[in-house]
Amino acid sequence: MTSRRLLGPAVPPAVKFVLAVMVANAVGFGIIIPVTPALVMELSGQGVSEATAIGGWLAFIYAIAQFLFSPLMGNLSDRWGRRPVLLASVGGFAVDFLVLALAPSLVWLFAIRFFAGIFGASNAPAQSVIADVTPPEHRARMYGLIGAAFGLGFALGPAIGGLLGGFGPRVPFFVAAGLLAIAFVYGWAKLPETLAPENRRSFDWRRANPVGAFLEARKLSGLGAIATVYFLWQLATLVYPMTWSYFTIARYGWSQSVVGLSLAGVGLAMVFMQTIILPIAVARWGERGTAVRGIIGASLSMLGFAAATQGWMVFALFPLMATQSLVHANLTSMMTRRADATTQGEVQGFASAVMAVGSLIAPLLYNPLQAWFTGSSAPANIPGIAYLVAGCIGFACLPILFAMPRARA
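Residues numbered from 1 in each chain as written. Predicted model: local features only at pLDDT ≥ 70, side-chain atom pairs only at ≥ 80, totals over all residues. Heavy atoms only, no water.

**So, the overall build of the protein chain**
Across its full length, the protein chain carries 19 helices and zero strands. Scored against the burial criterion, the 409 residues of the protein chain give a buried share of 58%. A fraction of 85% describes how many contacts in the protein chain between residues 6 or more apart in sequence connect residues 24 or more apart. Total accessible area computed for the protein chain in this model is approximately 16,100 Å², and 69% of it derives from carbon and sulfur atoms. (Helix = DSSP H or I, 4+ residues; strand = E, 2+ residues; numbered from the N terminus. Buried < 20%, exposed > 50% of the residue type's maximum accessible area, 1.4 Å probe, protein only. Contact = heavy atoms within 4.5 Å. Areas by Shrake-Rupley, 256 points an atom, 1.4 Å probe, with all protein chains shown as cover.)

Structure follows, in structure tokens:
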């Protein structure tokens, strides 16, 4: 597929930068997934079951920072513009990966993951760029392109990480730092500001925190229902980054390279779904109807992973798993319809904080479950327990979506 077909001539330059950053972020994030268990085991001296629990706490620290700082990032972008906040985030991520590559102990690993969560709170201004430059009826497609960019990077990252892991578990972290440094230089040269001066508003600390963001969001009709679905769906899908490497190693004995290739397959399926299927689905079923179908398909795939006894069954479920790509873009587009031009950053910051709550709970839920039911003292060996729970959480989103009121014009 050519880049022109992927992006399309109507994609604004600022969105193209966001897409490029998403690819770089996803490659950087994906590169380290296959080798993170090895690095955790190296620094802790523990086995894979214990490393699963430690990996969960690392994700918890990251999520705390995102929860605390997402509203701040969104409000800062409403005051000073999207460009400075996004560039600071990309540059911070580059430094984060570099320090992770040099981390001498688990204490360093935990400290750096907290700072990474702060820089990772840039999701709010990145999503706001789309709302700044795109009319509401085309936002689902643009958010789909962001998901496709992430999927493309996620397809490349784990495959590269699995191969680079053969040279040592720290090598992929150096490569990830270099990729994000390149993205920072590109953004410094090419990223325009998308928030018009007349749409900027004064910064208010009372609104730039999770509690204040929640109180402001309550004033917008229907936002609470979308936020609830956001939370549940984030909690369900986080089963993959929390447990996939540990799950496939424990269940099927996969190597780092096979783990990387499996994630690459998922990424490619996501790219196809979000560039080809998503626009067709939205045109036929609308944003809500498309999200519902994506939730059903992806939740069924989670239950399938829980039941799969052979590695080939996992790969056979990838097309069904990829339907989760139809969900987030449409939920985000539905949310932007409930905010005006001056509060897009704030609303996206609130959304990111809600998703961060899911990120706080996920490692406390999935990783202990995974560690317990794959450990030596488990009452029964159930490596797929986390995916069984995640599938049930996904299905819990459906009645909320069905009952949600439509946005007023």
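**Quick word on the nonpolar core**
Among the nonpolar cores identified, the biggest contains 54 residues, and W244, F305, Y366, Y387 and L401 are the most heavily contacted of them. Considering each element in turn, this core owes the most residues, 11 residues, to helix α13 (residues 256–307). Contact partners of Y366, with chain neighbours within four places excluded, come to L235, A236, L238, V239, M242, T243, A386, V389, A390 and I393. Of all hydrophobic cores here, the second largest spans 50 residues; its members include A94, A126, A149 and A269. (Core = buried A, V, L, I, M, F, W, Y, C linked by side-chain atoms within 4.5 Å.)

**A word on the side chain of S262**
Looking at where S262 falls in the secondary structure, it is placed in helix α13. The class for S262 is buried, based on a relative accessible area of 0%. Other than its neighbours up to four places away in sequence, S262 contacts W244, W254, F315 and F318.

**Thoughts on the packing of aromatic side chains**
What the rule picks out here adds up to 17 aromatic pairs. Consider the rings of Y240 and F305, whose centres lie 6.1 Å apart with planes at 90°: the pair is edge-to-face. Remark: F305 occurs in helix α13 and Y240 occurs in helix α12 (residues 239–252); sequence separation between them is 65 residues. For the pair formed by Y240 and F305, the shared burial category is buried. Aromatic side chains W244 and F305 sit 5.4 Å apart centroid to centroid with 75° between the ring planes, which places their arrangement in the edge-to-face category. Taken as a pair, W244 in helix α12 and F305 in helix α13 lie far apart in primary sequence, 61 residues in all. The exposure class of W244 is buried, given its relative accessible area of 2%. Judged by relative accessible area, F305 falls into the buried class, the value being 0%. Grouping aromatic residues by their ring pairs yields a cluster made of Y240, W244, F247, Y252, W254, F305, F315, F318 and Y387. If you follow R83 out to its NZ or CZ, it ends over the ring of W188, 5.6 Å from the centre. (Phe/Tyr/Trp six-rings, centres within 6.5 Å; stacked < 30°, edge-to-face > 60°. Lys NZ or Arg CZ within 6 Å of the ring centre and 35° of its normal.)

**Observations concerning the confidence of the model for the protein chain**
The predicted model of the protein chain has a mean per-residue pLDDT of 78, with 84% of residues at 70 or higher. By mean pLDDT, helix α1 (residues 3–7) is the weakest element of the protein chain at 40, and helix α18 (residues 385–395) is the strongest at 94. Taken together, the stretch residues 1–9 has pLDDT below 50 and engages in 14 contacts with residues farther than four places along the chain or on a different chain. (pLDDT = per-residue confidence, 0-100.)

**What to know about the packing of α13 against helix α16 (residues 328–336)**
Two elements in contact, α13 and α16, have axes whose closest approach is 10 Å; the angle formed by their N-to-C orientations is 65°. Between α13 and α16, the angle is such that the two are roughly perpendicular. In the packing of α13 onto α16, the handedness of the crossing is right-handed. Taken together, the residues of α16 that come into contact with α13 (itself represented by L278, V282, E287, R288, T290 and A291) are A329, N330, S333 and M334. Class assignment for the residues of the contact of α13 with α16 results in five nonpolar, three polar and two charged. (Axes fitted to C-alpha atoms, helices over the stretch in contact; angles between N-to-C directions. Parallel < 35°, antiparallel > 145°, perpendicular 65-115°, else oblique. Left-handed = near helix turned anticlockwise from the far one by under 90°. Nonpolar A, V, L, I, M, F, W, Y, C, P; charged D, E, K, R; others polar.)

**Considerations on the environment of A322**
Relative to the helices and strands, A322 is located in the loop between α15 (318–321) and α16. Accessibility expressed as a relative area gives 4% for A322, which makes it buried. Separated by 28 residues in sequence, A322 and G294 place their C-alpha atoms 8.3 Å apart. Not counting residues within four places of it along the chain, the set of residues in contact with A322 comprises A269, M270 and M273.

**Here we look at a nonpolar patch on the surface**
Nonpolar side chains collect at one region of the surface, where L98, L102 and F174 lie side by side and expose about 280 Å² of accessible area between them. Assessed through its relative accessible area of 39%, L98 is described here as partly exposed. (Patch = residues over 30% accessible without salt bridge, like charges linked within 9 Å, V, L, I, M, F, W, Y side chains within 5 Å. Salt bridge = Lys/Arg side-chain N within 4 Å of Asp/Glu carboxyl O.)

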